[in-house]
Amino acid sequence: MMGKVRPGWDQYFMEIARLVATRSTCLRRDVGAVLVRDKRLLATGYNGAPSGLAHCLAIGCLREKLGIPSGERQELCRGLHAEQNAIIQAALHGIPVVGATAYVTCQPCVTCAKMLINCHVKRIVIAGDYPDEFARRMLEEAGVEVVQAETPPTRPKKGK
């Protein structure tokens, strides 16, 4: 079929990460993460409170109330990050992530970067930035490739 634009693998999995981000319960930032190896989706995660606990959507954001900037005082956040939840989901279900690629809708923070390094994730594809240069330096030092996602292709409209 002529004219059909088919997304590459990075675009395909990043679009899935964007969809996963729509499940986020964070009031500040919707983030999605997808762990993939050999073109197979291993686990997904979005940012939000631990299972069974009240979400920020219901009770508000303490960091917002205290005026804490993004990237600071993460210990005051009740939510887990998308990358953390993806790693936890893989662990809960016995899915090894060694050698995987992480698709994340924004650059990982330093805590998530360290976790991805220790999981032996080899590559991270990001759609957006995050104000954490230290995380970037650690990923580089560990030899984890960080790639900026391409803009998704536009598909021609179907019609007659």
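Residues numbered from 1 in each chain as written. Predicted model: local features only at pLDDT ≥ 70, side-chain atom pairs only at ≥ 80, totals over all residues. Heavy atoms only, no water.

## Examining the packing of helix α5 (residues 110-118) against helix α6 (residues 133-141)
Where α5 contacts α6, the two axes come as close as 8 Å, and the packing angle between them is 15 degrees. Between α5 and α6, the interaxial angle falls into the category roughly parallel. The two elements α5 and α6 cross, and the hand of that crossing is right-handed. On α6, the residues touching V110, A113, K114 and I117 of α5 are F134, A135, M138 and L139. Of the residues that constitute the contact of α5 with α6, the class distribution is seven nonpolar, no polar and one charged. (Axes fitted to C-alpha atoms, helices over the stretch in contact; angles between N-to-C directions. Helix = DSSP H or I, 4+ residues; strand = E, 2+ residues; numbered from the N terminus. Parallel < 35°, antiparallel > 145°, perpendicular 65-115°, else oblique. Left-handed = near helix turned anticlockwise from the far one by under 90°. Contact = heavy atoms within 4.5 Å. Nonpolar A, V, L, I, M, F, W, Y, C, P; charged D, E, K, R; others polar.)

## Points about the pairing of strand β1 (residues 32-37)
Among the six residues in β1, five count as buried, and that is most of the element. The sheet contact formed by β1 and strand β2 (residues 40-46) spans six bridges and is antiparallel. Opposite L35, over in β2, you have A43 as the bridge partner. A loop of two residues connects β1 with β2, the two strands running antiparallel in sequence, and D38 in this loop sits at a positive phi of about 55 degrees. Bridge analysis of β1 against strand β3 (residues 101-104) gives four bridges, and the strand direction is antiparallel. Bridge pairing links L35 to A102 in β3. (Buried < 20%, exposed > 50% of the residue type's maximum accessible area, 1.4 Å probe, protein only. Pairing = 2+ DSSP bridges.)

## Regarding the UniProt feature "binding site: Zn(2+)" (unreviewed entry) in the chain
With numbering matched to this structure, UniProt assigns "binding site: Zn(2+)" (unreviewed entry) to H81, C109 and C112. A stretch of 32 residues holds the annotated residues, and the largest C-alpha distance among them is 8.9 Å, short enough that they meet in one place. Topologically, C109 is positioned in the loop between β3 and α5. If we skip the residues at most four places from it in the chain, C109 touches Q74, H81, Y130, D132 and A135. Following the sequence through the fold, C112 ends up in helix α5. Assessed through its relative accessible area of 0%, C112 is described here as buried. Residues within four places of C112 in sequence aside, it is in contact with H81, E83 and Q84. (UniProt positions renumbered as here; feature names shortened; annotations may be inferred.)

## Focus: unusual backbone geometry
Even without being glycine, D38 reaches a positive phi, approximately 55 degrees. Relative to the helices and strands, D38 is located in the loop between β1 and β2. Even without a glycine there, the phi angle at H120 is positive, about 65 degrees. In this structure, H120 sits in the loop between α5 and β4 (123-126).

## Describing the environment of R73
Counting through the fold element by element, R73 comes out in the loop between α3 (62-65) and α4 (82-92). In this structure the C-alpha to C-alpha distance between R73 and R63, which are 10 residues apart in sequence, comes to 8.0 Å. Setting aside residues up to four positions removed in sequence, R73 forms contacts with R63 and I68. One polar contact links R73 to E75, side chain to side chain, over a distance of 2.5 Å. (Polar contact = N/O pair within 3.5 Å; in protein donor to acceptor, adjacent residues only side chain to side chain.)

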